[in-house]
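Structure at a glance
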Amino acid sequence: MKKGLIIVVAALLPVLGWAAGGAPTYPDDDIDINWDDKASMQRGARTFVNYCMGCHAVGYSRYDRVGRDLGISDEQLLENLIFTTNKQGEQTKVGELMTINMNAEYAEQAFGIAPPDLSLIARSRGVDWLYNYLRGFYIDETRPFGLNNGVFPNVGMPHALVELQGLQAPKKVVKTNSEGKEEEVIVGYEIVKPGSQSKSEYDQTVYDLVAFLDYVSEPYRQTRHKVGTGVIIFLFFFLILTYFLKKEYWKDIH
Ligand code: HEC
């Protein structure tokens, strides 16, 4: 009996720890991705190749598949989305994977940790987390890059979109946490050095980027939903058909 209790408590420990240690994060907004908004995902793809692909790959996607799914022609891909080259210095071809050439060893030296592949990031972190993370960089002189993040404390990534968002300083208040200790929590941000975009423009840029990452994490989702609807409609008609068939079979017996 005692042993059983210990096992139950041990099993619950991670859950309890998570509940108690869940430090507040800021920002904390929710978004819904519109899977039909191809234009938004196209803009997101452009932001991704321009601002993120220096460090992160989405190595399970091919350029031409992305182009087909999002309505971008091969010529447009070559002109606007493909900035990487192969070892001979030739531009990457449209049929190739969206990988990058950054050497993991170099990356670890530069950032302390290699930038992960982002193919599945929208599924592992969730779109809300990504939306908040990319809007959560704030000035913190104690950090190597002079910036910290309200959603991912002490993150090793520099703020890649800083020229768009500008720099923001945190508004902090002192609160008593669940253990009765006083701690500083961030309750808002204030732009102290504007970037090239206004707040609402920047929110839209990040939304588009997250929409692209969400698409990349499951490119066949639209197909899956279409096929699913078709199957349900088919089963419905099949049900009616079998109902009349049953009536036909049993009509002489009753
Ligand atoms: C200069 C290199 C660099 C650029 C550019 C860059 N990142 Fe990063 N990124 C990193 C590094 C390094 C990490 C690992 C940070 C850590 O774990 O502390 C990281 C981590 C992340 C993570 C968190 C992954 C996790 O652990 O769950 C996300 C999400 C992310 N980056 C998204 C982006 C997006 C989106 C862009 C483009 C706007 C971008 N990054 C641009 C270097 C970069």
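Remember, it's a predicted structure, so these values are computed and weren't measured experimentally.

What to know about the environment of Val210
Here Val210 is to be found in helix α9 (residues 199-217). Taking the relative accessible area as the measure of exposure, Val210 reaches 0% and is therefore buried. Val210 sits 161 residues away from Val49 along the chain, and the two C-alpha atoms are 13 Å apart. Setting aside anything within four residues of it in sequence, one finds Val210 in contact with Ile31, Ile33, Val127, Leu130, Tyr131 and Leu134.

Considering the pattern of salt bridges
Per the counting criterion, the structure on display carries 12 salt bridges. In this structure, Asp208 and Arg43 form a salt bridge, with 2.7 Å as the shortest nitrogen-oxygen distance. Of this pair, Asp208 sits in helix α9 while Arg43 sits in helix α2 (residues 38-52), and the two are 165 residues apart along the sequence. Between Glu248 and Lys251 there is a salt bridge; the shortest N-O distance is 2.6 Å. Residue classification places Lys251 among the partly exposed positions, given a relative accessible area of 48%.

Focus: the side chain of Ser61
Mapping Ser61 onto the fold places it in strand β1 (residues 58-62). Residue Ser61 is classed as buried on the basis of its relative accessible area, which comes to 7%. When near neighbours in sequence (up to four residues on either side) are disregarded, Ser61 contacts Val66, Glu96, Leu97, Met98 and Val216.

Some words on a nonpolar patch on the surface
Judged by side-chain polarity, Ile233, Phe236, Phe237, Leu239, Ile240, Tyr243 and Phe244 come together as a nonpolar surface patch covering roughly 750 Å² of accessible area. Inspection of the secondary structure puts Phe244 in helix α10 (residues 221-250).

Description of helix α3 (residues 63-70)
Where α3 is concerned, the buried positions are Tyr63, Val66, Gly67, Asp69 and Leu70. Where α3 is buried, its residues contact α2, β1, α4 (74-81), β2 (97-98) and α9. Following α3 by one or two positions, Gly71 has its phi on the positive side, about 75 degrees.

Quick look at the site of the ligand
Near the ligand, the surroundings consist of 22 residues, among which Cys52, Cys55, His56, Arg125 and Met157 are the closest. Within the side chain of His56, one N or O atom sits 2.7 Å away from a nitrogen atom of the ligand. Taken together, the elements giving at least two residues each to the shell around the ligand come down to α2 and α7 (127-133). For the shell around the ligand, the residue count by class is 19 nonpolar, two polar and one charged.

Comments concerning the domain arrangement of the chain
According to the domain assignment, the chain contains domain 1 (24-219) and domain 2 (226-254). If you average the C-alpha positions of domain 1 and of domain 2, the two centres end up 49 Å apart.

Each value, and the rule that gives it
- Residues numbered from 1 in each chain as written.
- Predicted model: local features only at pLDDT ≥ 70, side-chain atom pairs only at ≥ 80, totals over all residues.
- Heavy atoms only, no water.
- Helix = DSSP H or I, 4+ residues; strand = E, 2+ residues; numbered from the N terminus.
- Buried < 20%, exposed > 50% of the residue type's maximum accessible area, 1.4 Å probe, protein only.
- Contact = heavy atoms within 4.5 Å.
- Salt bridge = Lys/Arg side-chain N within 4 Å of Asp/Glu carboxyl O.
- Patch = residues over 30% accessible without salt bridge, like charges linked within 9 Å, V, L, I, M, F, W, Y side chains within 5 Å.
- Areas by Shrake-Rupley, 256 points an atom, 1.4 Å probe, with all protein chains shown as cover.
- Near = heavy atom within 4 Å.
- Polar contact = N/O pair within 3.5 Å; in protein donor to acceptor, adjacent residues only side chain to side chain.
- Nonpolar A, V, L, I, M, F, W, Y, C, P; charged D, E, K, R; others polar.
- Domains from an automatic or database assignment.

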